[in-house]
Amino acid sequence: MRKIYLIPAVVGLLTSIAAGPLAAQGAVSKQKAAPAPRAAAAGAPAAAGTPVAAGANSAETPAADDKTKAIDGFRSAKFGMNEADVRAAMTKDFNARPDAIKSQDNASELTHSLLYSAPDLLPNGGTAELSYVFGYKSKSLIQVGAVWSKGTDAAMTAEKLFSNANILRAHFMGEGFKPDSIAVNMPVAGGIVMFRGSDAKDRSVILLLQGTFENKENNQRVLTPTSLLLFYVADAKSPDIFKLPPGQF
């Protein structure tokens, strides 16, 4: 069973991204390589491999208005729910049997998670593993994650991962997140941030295509994807996880 980790505190997530929940997927067989998308901020083109600060104006950037997307959880599971309520939401959303929902504790962050394998979470996208993470102090829902990989679906391919990533990115670009929070196609260590956006309360959606880069002809950077990760995070800057108090060591 894979360990679930929370995204560490980040400021802006503009030049790099730390390993987040479900980032360690274990060994995954190498798949067919595909060209890496070019870096961009809010849809603006840039040189491949060059992270660019988000917030540039473009035709794809939603206008700032009262209709900013609100990120309150995933489907029926809302941030702040307790475990019993989240289990009920999972049953409602996926008709999940009680014995199909697994529990997992994180010994370093002292968080608790519920895991569920969801076939075709994205239509024709293959089986994904969902994780619902409960905070260290609050014991309430602070994050929902989904991962697609060979580890979640033996039939997963590089082409399918790219397809899933492109479908989700296009969806999120039309959802009305804060324009100055949006970043797309941003190469980072270990992959590409396909989309990052926040709402008015700084709750975030992060879509990360993980894999390995290789330099091919004409110095073209080519990504071999191994997993696609999607996170809905209540507070990426200050997550409710265990931290040693200052001065103890």
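Above this text is the structure in question.
This is a predicted model, so every value here is computed, not measured.

A few words now on the overall build of the protein chain. Per the secondary structure count, the protein chain includes two helices and 13 strands. In the protein chain, which comprises 249 residues, the share counted as buried stands at 49%. By sequence separation, contacts in the protein chain at least 24 residues apart represent 58% of the contacts at least 6 residues apart.

Counting 43 residues, the largest nonpolar core has Tyr-132 and Trp-148 as its most contacted members. Counting only elements with at least two residues in this core, the list comes to α1 (83-94), β7 (111-118), β8 (128-134), β9 (141-149), α2 (158-173), β11 (191-198), β12 (204-215) and β13 (221-233). No other element matches α2, which puts six residues into this core. Core analysis: the next-biggest nonpolar cluster, separate from the first, contains ten residues, Val-147, Met-186, Leu-229 and Phe-231 among them.

Residue placement: Ser-76 occurs in the loop between β4 (73-74) and β5 (77-78). Within the structure, the side chain of Ser-76 is placed 2.7 Å from the side chain of Asp-93, a separation counted as a polar contact. When residues no more than four places from it in sequence are discounted, the contact partners of Ser-76 are Met-81, Ala-89, Lys-92 and Asp-93.

Turning to the side chain of Arg-196, a few remarks are in order. Among the secondary structure elements, Arg-196 is positioned in strand β11. No salt bridge is formed by the buried Arg-196; its nearest oppositely charged neighbour, Asp-202, is found at 6.5 Å. Among the polar contacts made by the side chain of Arg-196, one reaches the main-chain carbonyl oxygen of Ser-181 at a distance of 3.4 Å. One polar contact links Arg-196 to Ser-198, side chain to side chain, over a distance of 3.0 Å.

Further remarks concern unusual backbone geometry. Its identity as a non-glycine residue notwithstanding, Asp-120 has a phi of 50°, on the positive side. With respect to the helices, strands and loops of the structure, Asp-120 is situated in the loop between β7 and β8. Of note in the backbone geometry, Asn-185 takes a positive phi value of approximately 50° without being a glycine. Checked against the element boundaries, Asn-185 lands in strand β10 (residues 183-188).

As a further point, take the layout of surface pockets. Of the voids in this model, the largest pocket is the one considered here, and its volume is about 300 Å³. Of all the elements in the fold, those that place two or more residues in the lining of the largest pocket are β4, α2 and β13. In terms of residue count, α2 provides more of the lining of the largest pocket than any other element does, four residues in total.

Here we take up the pattern of salt bridges. Counting across every chain of the model gives six salt bridges. Between Arg-87 and Glu-83 there is a salt bridge, with its nearest N and O atoms 3.1 Å apart. With Arg-87 and Glu-83 both in helix α1, this residue pair falls four residues apart, about one helical turn. Note on Arg-87: relative accessible area 26%, which makes it partly exposed. Between Lys-178 and Asp-202 there is a salt bridge whose closest N-O contact spans 2.9 Å. Of the two residues, Lys-178 sits in the loop between α2 and β10 while Asp-202 sits in the loop between β11 and β12, which places them 24 residues apart along the sequence. Judged by relative accessible area, Lys-178 falls into the partly exposed class, the value being 22%. Residue Asp-202 is classed as partly exposed on the basis of its relative accessible area of 38%.

Counted under the stated rule, the structure contains seven aromatic pairs. An angle of 70° between the planes, with centres 6.3 Å apart, marks the rings of Phe-172 and Phe-177 as edge-to-face. Residue Phe-172 is classed as buried on the basis of its relative accessible area of 4%. A network of ring pairs unites the aromatic residues Phe-74, Phe-172, Phe-177, Phe-195 and Tyr-232 as a single cluster. A cation sits over an aromatic face here: Arg-221 above Phe-213, 4.1 Å from the ring centre.

Once that is clear, we can look at the pairing of β13. Of all 13 residues making up β13, eleven are buried, and the element is well covered by its neighbours. Of the strand pairs in this sheet, β12 and β13 are connected by twelve bridges, and their pairing is antiparallel. Bridge assignment links Leu-208 to a residue of β13, and that residue is Leu-229.

Rules of the game
- Residues numbered from 1 in each chain as written.
- Predicted model: local features only at pLDDT ≥ 70, side-chain atom pairs only at ≥ 80, totals over all residues.
- Heavy atoms only, no water.
- Helix = DSSP H or I, 4+ residues; strand = E, 2+ residues; numbered from the N terminus.
- Buried < 20%, exposed > 50% of the residue type's maximum accessible area, 1.4 Å probe, protein only.
- Contact = heavy atoms within 4.5 Å.
- Core = buried A, V, L, I, M, F, W, Y, C linked by side-chain atoms within 4.5 Å.
- Polar contact = N/O pair within 3.5 Å; in protein donor to acceptor, adjacent residues only side chain to side chain.
- Lys, Arg positive; Asp, Glu negative; His and termini not counted.
- Salt bridge = Lys/Arg side-chain N within 4 Å of Asp/Glu carboxyl O.
- 1 Å grid on protein atoms, 1.4 Å probe; cavity = no way out; pocket = protein on both sides within 12 Å on 5 of 7 lines; lining within 4 Å.
- Points joined across faces, edges and corners; volume = space filled by probe spheres on them.
- Phe/Tyr/Trp six-rings, centres within 6.5 Å; stacked < 30°, edge-to-face > 60°.
- Lys NZ or Arg CZ within 6 Å of the ring centre and 35° of its normal.
- Pairing = 2+ DSSP bridges.

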